[in-house]
Amino acid sequence: MTTLVERFLKYVKFDTQSDELTNLTPSTPGQMVFARALEQELREIGLSDISLDDNGYLFATLPGNTPDVPVIGFIAHMDTAPDMSGHDVKPRIVRYEGGDIALNGEFTLSPTQFPEMNDYVGQELIVTDGTTLLGADDKAGIAEIISAVVWLQQHPEVKHGDIRIGFNPDEEIGMGAHHFDVEKFGAEWAYTMDGGAVGELEYENFNAASAKVTFKGLNVHPGAAKHKMLNSMRVATQFAAMLPRWETPEHTEGYEGFYHLISMQGTVEETTLHYILRDHDRSRFESRKREIEHLCHKVNCEFPGCATAVIKDQYYNMREQIEPVMYVIDIAKQAMERAGVVAKVQPIRGGTDGAQLSFKGLPCPNIFAGGMNMHGRFEYVPVQSMEKAMQTIIEICKIVAEK
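Here the structure is a predicted model, which means the values were calculated and not measured.

Here we look at the overall build of the chain
Here is step 1: The number of helices and strands found in the chain is 10 helices and 17 strands.
Here is step 2: For 403 residues, the compact-globule estimate of 2.2 N^0.38 gives 22 Å, and the chain sits close to it at 23 Å.
Here is step 3: Considering only C-alpha atoms, the chain reaches an extent of 85 × 50 × 35 Å along its principal axes.
Here is step 4: Within the chain, buried positions represent 53% of all 403 residues.

Description of the packing of aromatic side chains
Here is step 1: Here the structure, examined in full by the defined rule, presents 16 aromatic pairs.
Here is step 2: Plain terms: the ring middles of W189 and Y327 are 5.5 Å apart, the flat faces sit at 80° to each other, and that makes the pair edge-to-face. On the criterion of sequence distance, the pair formed by W189 in strand β9 (residues 189-195) and Y327 in helix α8 (residues 327-338) is long-range, its members being 138 residues apart.
Here is step 3: Given a relative accessible area of 4%, W189 falls into the buried group.
Here is step 4: Since its relative accessible area comes to 42%, Y327 is described here as partly exposed.
Here is step 5: Arranged with centres 6.3 Å apart and planes meeting at 65°, the rings of F239 and Y275 form a pair that is edge-to-face. Here F239 is found in helix α5 (residues 232-242), whereas its partner Y275 is found in strand β13 (residues 270-279), with 36 residues between them in sequence.

Focus: the nonpolar core
Here is step 1: In terms of nonpolar packing, the biggest core is built from 70 residues, with F8, F74 and F167 touching the most fellow members.
Here is step 2: In terms of residue count, the dominant contributor to this core is helix α10 (residues 383-402) (11 residues).
Here is step 3: When neighbours within four sequence positions are excluded, F8 is seen to be in contact with I126, L134, G135, A136, K139, A140, A143, V381 and M386.
Here is step 4: If you look at the next biggest cluster of nonpolar residues, it comprises 21 residues, including V235, A236, I292 and A307.

Some thoughts on the environment of P156
Here is step 1: Structurally, P156 can be placed in the loop between α3 (136-154) and β8 (163-168).
Here is step 2: Expressed as a C-alpha distance, the spacing of P156 and V310, which sit 154 residues apart in the sequence, is 54 Å.

Some points on helix α2 (residues 29-45)
Here is step 1: For α2, spanning 17 residues, the distance from its first C-alpha to its last is 25 Å, which sits close to the expected 24 Å at 1.5 Å a residue.
Here is step 2: If you check which residues of α2 are buried, you get G30, Q31, M32, F34, A35, L38, E39, E41 and L42.
Here is step 3: Downstream of α2 by a residue or two, G46 has a phi angle that is positive, lying close to 105°.

Observations regarding empty space enclosed by the protein
Here is step 1: Per the stated rule, a full pass over the model turns up one cavity of 30 Å³ or more.
Here is step 2: Each pocket or cavity is described by its volume, and for the largest cavity that value is around 40 Å³.
Here is step 3: For the largest cavity, the full set of lining residues is I75, A76, H77, D138, N168, E171, T192, D194, T352 and D353.
Here is step 4: Mapped by element, the contributors of at least two residues to the lining of the largest cavity are β3 (72-77) and β9.
Here is step 5: Counting residues per element, the lining of the largest cavity draws most heavily on β3, at three residues.
Here is step 6: Among the residues forming the lining of the largest cavity, the class breakdown is two nonpolar, four polar and four charged.

A closer look at the state of the cysteines
Simply put, disulfide is the name for a covalent bond between the sulfur atoms of two cysteines.
Here is step 1: Throughout the structure, instances matching the rule amount to zero disulfides.
Here is step 2: Summary of cysteine pairing: C296 is not part of a disulfide, and the nearest cysteine sulfur, belonging to C306, is at 9.0 Å.
Here is step 3: We classify C296 as buried; its relative accessible area is 5%.
Here is step 4: Free cysteine C301: the closest other cysteine sulfur is in C296, separated by 11 Å.

What about the pattern of salt bridges?
Here is step 1: What the rule picks out here adds up to 17 salt bridges.
Here is step 2: Here R288 makes a salt bridge to E247, at a shortest N to O gap of 2.7 Å. One end of the pair, R288, is in helix α6 (residues 282-302); the other, E247, is in the loop between α5 and β12 (258-266), and 41 residues separate them in sequence.
Here is step 3: Its salt-bridge partner being R319, residue E323 comes within 2.5 Å of it at the nearest N-O pair.
Here is step 4: In this structure R319 comes out as partly exposed when scored by relative accessible area, which is 32%.
Here is step 5: One salt-bridge network, in which partners are shared between bridges, spans E247, D279, R284 and R288.

What about the side chain of E172?
Here is step 1: Take E172: it is sitting in the loop between β8 and α4 (182-185).
Here is step 2: Among buried Asp, Glu, Lys and Arg side chains, E172 stands out as unpaired, with R278 the closest opposite charge at 9.9 Å.
Here is step 3: Residues in contact with E172, not counting those within four places in the same chain, are S18, H77, D79, T80, A81, P82, D137 and H375.

Observations concerning α5
Here is step 1: Of all the residues in α5, the buried ones are S232, V235, A236 and F239. For α5, the arc enclosing every buried residue in end-on projection is 100°, short of the 170-degree limit, so these residues lie on one face.
Here is step 2: Contact partners of the buried residues in α5: β11 (207-216), β13 and α6.

What about the sheet that holds β11?
Here is step 1: The strand order β12-β13-β11-β14 describes an open sheet built from four strands, whose pairing is antiparallel. Each of the sheet's edge strands pairs with one partner strand only, and the pair in question is β12 and β14 (307-315). Neighbour-to-neighbour, the strand axes of the sheet open up by a mean angle of 15°, direction not taken into account.
Here is step 2: In this structure, β12 lies alongside β13, joined through eight bridges in antiparallel fashion. When the sheet's bridge partners are listed, L261 is paired in β13 with Y275.
Here is step 3: Packed on one face of the sheet, α5 meets β11, β12 and β13 and runs near 15° to β13.
Here is step 4: Together, β11, β12, β13 and β14 form the strand contacts of α6, whose direction differs from that of β14 by roughly 165°.

Thresholds, definitions, all that
- Residues numbered from 1 in each chain as written.
- Predicted model: local features only at pLDDT ≥ 70, side-chain atom pairs only at ≥ 80, totals over all residues.
- Heavy atoms only, no water.
- Helix = DSSP H or I, 4+ residues; strand = E, 2+ residues; numbered from the N terminus.
- Rg over C-alpha atoms; globule rule 2.2 N^0.38 Å.
- Buried < 20%, exposed > 50% of the residue type's maximum accessible area, 1.4 Å probe, protein only.
- Phe/Tyr/Trp six-rings, centres within 6.5 Å; stacked < 30°, edge-to-face > 60°.
- Core = buried A, V, L, I, M, F, W, Y, C linked by side-chain atoms within 4.5 Å.
- Contact = heavy atoms within 4.5 Å.
- Expected span 1.5 Å × (residues − 1).
- 1 Å grid on protein atoms, 1.4 Å probe; cavity = no way out; pocket = protein on both sides within 12 Å on 5 of 7 lines; lining within 4 Å.
- Points joined across faces, edges and corners; volume = space filled by probe spheres on them.
- Nonpolar A, V, L, I, M, F, W, Y, C, P; charged D, E, K, R; others polar.
- Disulfide = S-S within 2.5 Å.
- Salt bridge = Lys/Arg side-chain N within 4 Å of Asp/Glu carboxyl O.
- Lys, Arg positive; Asp, Glu negative; His and termini not counted.
- Arc of directions from axis to C-beta.
- Pairing = 2+ DSSP bridges.
- Axes fitted to C-alpha atoms, helices over the stretch in contact; angles between N-to-C directions.

These figures come from the coordinates and say nothing about function on their own.
Right under this line is the structure:
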């Protein structure tokens with residue numbers, strides 16, 4: 001039988017990097033290639049109710065062996081982040097005994113830079129070759145879900161209800177839940193297997209918005225520019241400097257929100273700044289959006305008609321949807337305890353598909369998948385963390401049947 005690690009090593013070979021610029025679903029063809037491969041694997045395993053739609057959403061069911069048990073689900077996303085290439089990933093398993101791990105002649109994975117590595121001394125780490133990301137976010141989650149389902153098939157003496165599994169595209173560009181058919185999925189609640197370090201259990205996430213701020217300038221010959229030229233790049237940098245200096249990702253933690261300038265393109269005549277706005281508190285989140293608009297107004301007072309802002313909400317804090325059904329968190333905590341894991345309930349400094357799904361009527365907190373340093377060349381995942389995630393899935397299924 002294919003092992004958990006073998007599945008993961010096979011999955012990361014698929015190039016599934018998403019792309020927010022295509023306006024397609026899935027946003028890249030590689031995601032559908034991977035979805036079809038997974039669909040075939042699920043058929044070979046013998047699951048039922050398998051469906052893959054044109055948007056790349058793959059659902060399946062492990063039929064229950066016990067009546068009157070709630071239908072629950074486990075969800076993971078197929079895409080990898082646009083931040084770094086996921087093409088030709090070359091994973092390597094390292095028995096970690098401390099110190100640095102040479103990824104290649106240029107890059108080194110070091111506990112000096114990533115002190116969390118010290119928590120995994122004596123374990124097996126799956127690392128990159130330094131030229132791509134790894135893809136544990138979230139192919140580790142996919143491997144853990146499928147491996148847990150296979151384990152339950154192999155142990156018919158273990159009681160469980162119907163288990164729904166769902167794999168979706170484009171989580172990394174905030175579109176993963178947009179075409180997710182909650183009614184068709186048919187679960188009372190679910191868990192995304194999309195967290196990081198072992199033990200993470202999350203039901204609070206950022207409220208999120210994007211802001212595109214455009215500045216219009218006027219270009220004339222610099223030799224005759226006095227009182228005529230308006231350099232949009234200069235105005236844009238003035239705007240950026242007006243935002244609170246310490247409310248940026250590199251200066252915040254925990255429940256602290258931020259403004260994050262993620263890209264800028266400009267000429268004298270037009271410059272665009274792209275921001276993401278994040279805050280766990282809804283009122284502060286709304287204040288951040290108003291601040292962008294207020295600063296545009298200030299710019300326009302000095303340079304009439306120069307600045308415009310387009311702000312779009314992306315997702316909201318799932319906490320308000322989870323608090324009425326906190327038993328789904330209690331079950332996950334108990335499952336982790338049975339799996340020998342200490343649950344670490346903490347807010348997500350980001351978002352998951354579970355946030356949007358919760359607002360679509362499917363309560364969906366997030367559980368660790370094990371990956372560390374996601375979205376870059378220094379990504380790694382401890383094998384033992386993946387095993388614990390798989391065991392947690394199994395224990396959740398057991399507990400729901402028991403209750």
